[in-house]
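Descriptive structure summary
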Amino acid sequence: IRGRFSGARQRRTGNGPAKSVNVRHERFFARYGPMIKTLEAALAAAVPEAAAFRDAMAEVASAAHLVTTTGPSGRAGMTATAIASLSDAPPTLLACIEAGSRTLAAIEASGFFCVNTLSALDYELAGVFSGRAGISGEARFDRGEWTVLATGAPVLKSALVSFDCRLVAARG
């Protein structure tokens, strides 16, 4: 899917020039305007510049989650932003996980996982579970307070919400 950012909404006041609806838009364009122009040019050419696209997508607001499980090698987990609700009858969600990840292998082996939605107070854990902090495996669980859910999946006690899940399907 491709999209084009059209800019801040404008409104006219009387016969004068258009004024910005929100000062935040002006600050946003002052900071990211050149990147947006680069991104628009790349989209027009149908070949987005990777760095500009990544930088722009990093500004898209979304919740950060930790996907956790217990597998044959112990606890495993990762940071995820690609979590979506599929249905409420039966309650079903989708988690997008890299095919070669240790966490996916552990989920497939155990058949269960937990999606922990992080609060702003737990932001540091997103970096730990993404690997940016240089911490891997079981050592990631040394941060935060953890307990276990009915399935056996590790749950972060301070999570905003946690989903105790059983694996229904995995697609590559």
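Structure shown above.
So, a few notes on the structure that sits alongside this text. The structure displayed is predicted, hence computed values, not measured ones.

The strand order across the open sheet built from four strands is β4-β3-β7-β10, with neighbouring strands paired in antiparallel fashion. Only two strands of the sheet have a single neighbouring strand rather than two, namely β4 (74-80) and β10 (161-166). The mean inter-strand angle of the sheet, taken between neighbouring strand axes irrespective of direction, is 20 degrees. Pairing geometry for strand β7 (residues 112-117) and β10, over six bridges, is antiparallel. Directly across from F113, in β10, lies its bridge partner C165. Across the sheet, helix α3 (residues 102-110) touches β3 (65-71), β4 and β7, and the angle it forms with β3 is around 55 degrees. Helix α4 (residues 123-130) contacts β3 and β4 of the sheet and is inclined by roughly 115 degrees relative to β4.

Turning our eyes to something else, we now look at a nonpolar patch on the surface. A surface patch of nonpolar side chains, about 280 Å² in accessible area, is lined by F53, M57 and V60. With respect to the element layout, V60 can be found in the loop between α2 (50-57) and β3. Take V60: its relative accessible area is 48%, and that puts it in the partly exposed class.

Reading the values: the criteria
- Residues numbered from 1 in each chain as written.
- Predicted model: local features only at pLDDT ≥ 70, side-chain atom pairs only at ≥ 80, totals over all residues.
- Heavy atoms only, no water.
- Pairing = 2+ DSSP bridges.
- Helix = DSSP H or I, 4+ residues; strand = E, 2+ residues; numbered from the N terminus.
- Axes fitted to C-alpha atoms, helices over the stretch in contact; angles between N-to-C directions.
- Contact = heavy atoms within 4.5 Å.
- Patch = residues over 30% accessible without salt bridge, like charges linked within 9 Å, V, L, I, M, F, W, Y side chains within 5 Å.
- Areas by Shrake-Rupley, 256 points an atom, 1.4 Å probe, with all protein chains shown as cover.
- Salt bridge = Lys/Arg side-chain N within 4 Å of Asp/Glu carboxyl O.
- Buried < 20%, exposed > 50% of the residue type's maximum accessible area, 1.4 Å probe, protein only.

That is the geometry; function is a separate question.
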